[in-house]
Amino acid sequence: MSDRTRNTPEMSQSAASRRVAKVGLDSLDNLWFQVGGTLCNLACEHCFISCSPQNDKFKMMSLAQIQPYLDEAVVLGVKEFYFTGGEPFLNDEIFDILEATLAIGPATVLTNGTIITNRRARELARLEANSIYSLEIRVSLDGFDEPSNDRLRGKGSFKLALNGITRLVEQGMLPILTAVQTWSEAEHERMLAGFKQLLADIGYTRPRFKIIPALDLGAYQQNKIGPAVTEYVTEEMLEDFDRSQLICSNSRMVTNSGVHVCPILIDYPDSRMGESLKATTGEYRLRHPACYTCYLSGAICSNFSSGGQSER
Amino acid sequence: MRVALLGGVYNNYLALEAACEDARARGCAKIYCLGDLGAFGPHPDKVFPILQEYGVECVQGNYDNSVGNNREDCQCGYTDPTDNHYAHLSYQYTLANTSPDNRRYLASLRSEIRFTVDNRRVLLCHGSPRRVNEFMWESTSPTHLLERFCDDYDADIIAVTHTGLHWQRALSDGRWFVNVGCIGRPANDGATHVWYTILDTAQPEPVTFVPLAYDHERLAQEMEAERIPSEFIETIRTGYWTTCLEILPAKERKRGIC
């Protein structure tokens, strides 16, 4: 479990605390499930919720736990479903859960790719083929060679993840390679070119990428991988700002302990907003430094196909 | 009543003219355009006289709102940096080459058009009834949400564009949701024709998608003469999208080759 003792700036100043921005749910476009809990076969240095083989703060979720939220989300007009962890493919029920989901809408799985066997890849391709909706698989990789990736994700993870990607591509799927930007802007083009070459070498010639900003949370924070973020989001910052870029305006996260404001903040007790989706449409105060990162980067969790949602 | 519904024109005035002629020949009483007159193609101002000649009624798309109000970007709603890069190139070209009069026209357009015929309430809008730049892809638009749109926005038939790919879905009680696709670029399927939609409200299944050949080689040559990026021209000649495709969901992306 990660340490949550660091002060956020507004806590020390009551005047400032009044200016912290609040954002409510405009529409439930994206519903997330912490389907793998915080259990993972890897223990990445930069994981923003410190998932590991030992971290069972959040438990894996069963189809029986998830189904009522799927039903409730349909009533609320949800558009997309996302499944993350931990590692979702450690969950024995993941394929039943995806099948139930794909009967009602599109699904995305965020995985480390290391345990995608041939059987699992075939099953995923079958599930997508049987649905009118897309099934997206986002596979995390944080370097285009073994040393740079395994430094963050653990020894042996590069080869295993690449095998997983290869198997998905062999099944005709178009996995989205997802990387946390742990490199500087100056290095960005070189990194992208490296990833493209790596994927071309395994026969994936039309790769898709999602590069997400590092979040100063969890293991990333403890391991001091990047500079600390101490800013937060104020009301003034949201004037003339497209609020739909903030996850909390269009998403909620379901864990085994209830409904949280977003997928990023589940380690903070104050992120839990209630038991049902209906009960969690109210406003949330953007008091955390991660809110500031979300504000700066925008739409960091959803797929590109969701698009931006700026209004005139 | 039989009407023609045209999706994004993207400056493709040759396809626009061909679509209007075709719609007339097929007996359409009226032609509607669902917005985004500008984007990838050449000579934005050539679109407007054709709209006038055929009495085309237009919905305001995000592009029209941006060009009409001289905004910084096209409000397309892309979030991938590569998509945004190409969107910016075509927007800068369109903005710089649209006359003040035509910009005023774009700024004056309505965000939706409604009519009721044959006892069916029809709603024409750009992205979705709730957001001008919402992407309604076939593989990421749940049926329950489309039903909800019909309930919430008092419509039996909802038609949108914005994504550039056409599809339709039958809903409960004889209601329909249709994305009319676009006439500005081909449908990422390796064919050079574009698609428009005929809506016949007297029919139980009211939607017909019409493939439309036009002089795409002439368009490509005019784009070259205007020094428009070669990636946009390649799409016109090959029928496959080469830009602004990171936005595609998995199923739609698989149908192309890039």
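Let us look at the structure shown here. (Residues numbered from 1 in each chain as written. Chains lettered and ligands numbered in written order. Predicted model: local features only at pLDDT ≥ 70, side-chain atom pairs only at ≥ 80, totals over all residues. Heavy atoms only, no water.)

1. Quick look at the overall build of chain B
Piece 1. When helices and strands are counted, chain B shows nine helices and 10 strands.
Piece 2. Referenced to the eigenvectors of the C-alpha coordinate spread, the extents of chain B come out at roughly 50 × 40 × 35 Å.
Piece 3. Scored against the burial criterion, the 258 residues of chain B give a buried share of 63%.
Piece 4. Of all intrachain contacts in chain B linking residues separated by at least 6 positions in sequence, the fraction that spans at least 24 positions is 70%.
Piece 5. Of the accessible surface of chain B, which amounts to about 9200 Å², a share of 45% is contributed by carbon and sulfur atoms.
Piece 6. Treating the 25 positive side-chain charges of chain B as one cloud and the 35 negative ones as another, the clouds have centres 2 Å apart. (Helix = DSSP H or I, 4+ residues; strand = E, 2+ residues; numbered from the N terminus. Buried < 20%, exposed > 50% of the residue type's maximum accessible area, 1.4 Å probe, protein only. Contact = heavy atoms within 4.5 Å. Areas by Shrake-Rupley, 256 points an atom, 1.4 Å probe, with all protein chains shown as cover. Lys, Arg positive; Asp, Glu negative; His and termini not counted. Charge placed at Lys NZ, Arg CZ, Asp CG, Glu CD.)

2. Side note on helix α5 (residues 146-153) of chain A
Residues and elements named next belong to chain A.
Piece 1. Residues of α5 that are buried include every one of Asn 149, Asp 150, Leu 152 and Arg 153, and no others. In an axial view of α5, the angular spread of the buried residues amounts to 165°, which keeps them on one side of the axis. Along α5, exposed side chains directed more than 90 degrees from the buried face belong to Pro 147 and Arg 151.
Piece 2. On its buried face, α5 sits against β5 (135-140) and α6 (157-170). (Arc of directions from axis to C-beta.)

3. Digging into the sheet that holds strand β5 (residues 120-125) of chain B
All names here are of chain B.
Piece 1. Taken in spatial order, the five strands line up as β4-β5-β6-β8-β7 in an open sheet, and their pairing is mixed. The open sheet has two edge strands with one neighbour each: β4 (112-117) and β7 (166-170). If you compare each strand with its neighbour and ignore which way they point, the axes differ by 15° on average.
Piece 2. Of the pairings in the sheet, the one linking strand β6 (residues 157-160) to strand β8 (residues 176-180) comprises four bridges and is parallel in character. Bridge assignment links Val 160 to a residue of β8, and that residue is Asn 179.
Piece 3. Where helix α6 (residues 143-152) meets the sheet, it contacts β6, β7 and β8, and its direction lies at approximately 80° from that of β7. (Pairing = 2+ DSSP bridges. Axes fitted to C-alpha atoms, helices over the stretch in contact; angles between N-to-C directions.)

4. Concerning the environment of Ala 107 of chain A
Residues and elements named next belong to chain A.
Piece 1. Among the secondary structure elements, Ala 107 is positioned in strand β4 (residues 107-111).
Piece 2. Spatially, the C-alpha atoms of Ala 107 and Leu 192 are 26 Å apart, while their sequence positions differ by 85 residues.
Piece 3. Setting aside its immediate chain neighbours within four residues, Ala 107 contacts Phe 81, Phe 83, Leu 98, Thr 101, Leu 102, Ser 134, Leu 135 and Glu 136.

5. Remarks on the interface of chain B and chain A
Piece 1. The interface of chain B with chain A comprises 38 residues on the first partner and 35 residues on the second.
Piece 2. Here chain B meets chain A over a buried area of about 3000 Å², counting both sides, of which 46% is carbon and sulfur.
Piece 3. By the criterion of area lost to chain A, the three top residues of chain B are Arg 131, His 144 and Lys 251 of chain B, representing 20% of everything that side buries.
Piece 4. Our enumeration of links across chain B and chain A arrives at four salt bridges.
Piece 5. With a shortest N-O distance of 2.8 Å, Lys 79 of chain A and Glu 134 of chain B are connected by a salt bridge.
Piece 6. Inspection of the region where chain B meets chain A yields 17 residue pairs in polar contact (both at pLDDT 80 or more).
Piece 7. Of all the secondary-structure elements, those providing two or more residues to the side of chain B that touches chain A are α6 and α9 (250-254) of chain B.
Piece 8. For the side of chain B that touches chain A, the element with the most residues is α9 of chain B, which contributes five residues.
Piece 9. Here the side of chain B that touches chain A is built from residues that sort into 12 nonpolar, 14 polar and 12 charged. (Buried area = accessible area lost by both parts, 1.4 Å probe. Salt bridge = Lys/Arg side-chain N within 4 Å of Asp/Glu carboxyl O. Polar contact = N/O pair within 3.5 Å; in protein donor to acceptor, adjacent residues only side chain to side chain. Nonpolar A, V, L, I, M, F, W, Y, C, P; charged D, E, K, R; others polar.)

6. Looking at the packing of helix α3 (residues 94-102) of chain A against helix α4 (residues 118-129) of chain A
Residue and element names in this part refer to chain A.
Piece 1. Between α3 and α4, the shortest axis-to-axis distance is 10 Å and the interhelical angle comes to 15°. It follows from the interaxial angle that α3 and α4 lie roughly parallel. The crossing of α3 and α4 is right-handed. Every residue of α4 that contacts α3 at Phe 95, Leu 98, Glu 99 and Leu 102 is listed here: Arg 120, Glu 123, Leu 124, Arg 126 and Leu 127. (Parallel < 35°, antiparallel > 145°, perpendicular 65-115°, else oblique. Left-handed = near helix turned anticlockwise from the far one by under 90°.)

7. Section: the sheet that holds strand β3 (residues 57-58) of chain B
Residue and element names in this part refer to chain B.
Piece 1. What the five strands build is an open sheet, ordered β3-β2-β1-β9-β10; its pairing is mixed. Each of the sheet's edge strands pairs with one partner strand only, and the pair in question is β3 and β10 (207-212).
Piece 2. Contacting β1 (2-6), β2 (30-33), β9 (194-200) and β10, helix α1 (residues 13-25) runs over the sheet at an angle of about 130° to β10.

8. Considering the packing of helix α7 (residues 216-225) of chain B against helix α8 (residues 230-238) of chain B
Residue and element names in this part refer to chain B.
Piece 1. It is at 9 Å that the axes of α7 and α8 come closest, and there the two elements cross at 170°. By the angle class used here, α7 and α8 are roughly antiparallel. Along the contact surface, α7 presents His 216, Glu 217, Leu 219, Ala 220, Gln 221, Met 223 and Glu 224, while α8 presents Phe 232, Ile 233, Ile 236 and Arg 237.
Piece 2. Within the contact of α7 with α8, the residues separate by chemical class into six nonpolar, two polar and three charged.

9. Comments concerning the nonpolar core
Piece 1. Counting residues in each nonpolar core, the largest one holds 79 residues, and the members touching the most others are Leu 5, Leu 6, Leu 16, Leu 37, Leu 124 and Tyr 196 of chain B.
Piece 2. At seven residues, the largest contribution of residues to this core is made by α1 of chain B. (Core = buried A, V, L, I, M, F, W, Y, C linked by side-chain atoms within 4.5 Å.)

10. With respect to the pairing of strand β7 (residues 208-213) of chain A
Residues and elements named next belong to chain A.
Piece 1. Counting buried positions over the six residues of β7 gives five, a clear majority of the element.
Piece 2. Bridge analysis of strand β6 (residues 176-181) against β7 gives six bridges, and the strand direction is parallel. Bridge assignment links Thr 178 to a residue of β7, and that residue is Lys 210.
Piece 3. Handedness of the β-α-β unit built from β6, helix α7 (residues 188-201) and β7 comes out right-handed. (Right-handed = clockwise from strand over helix to strand, strands pointing away.)

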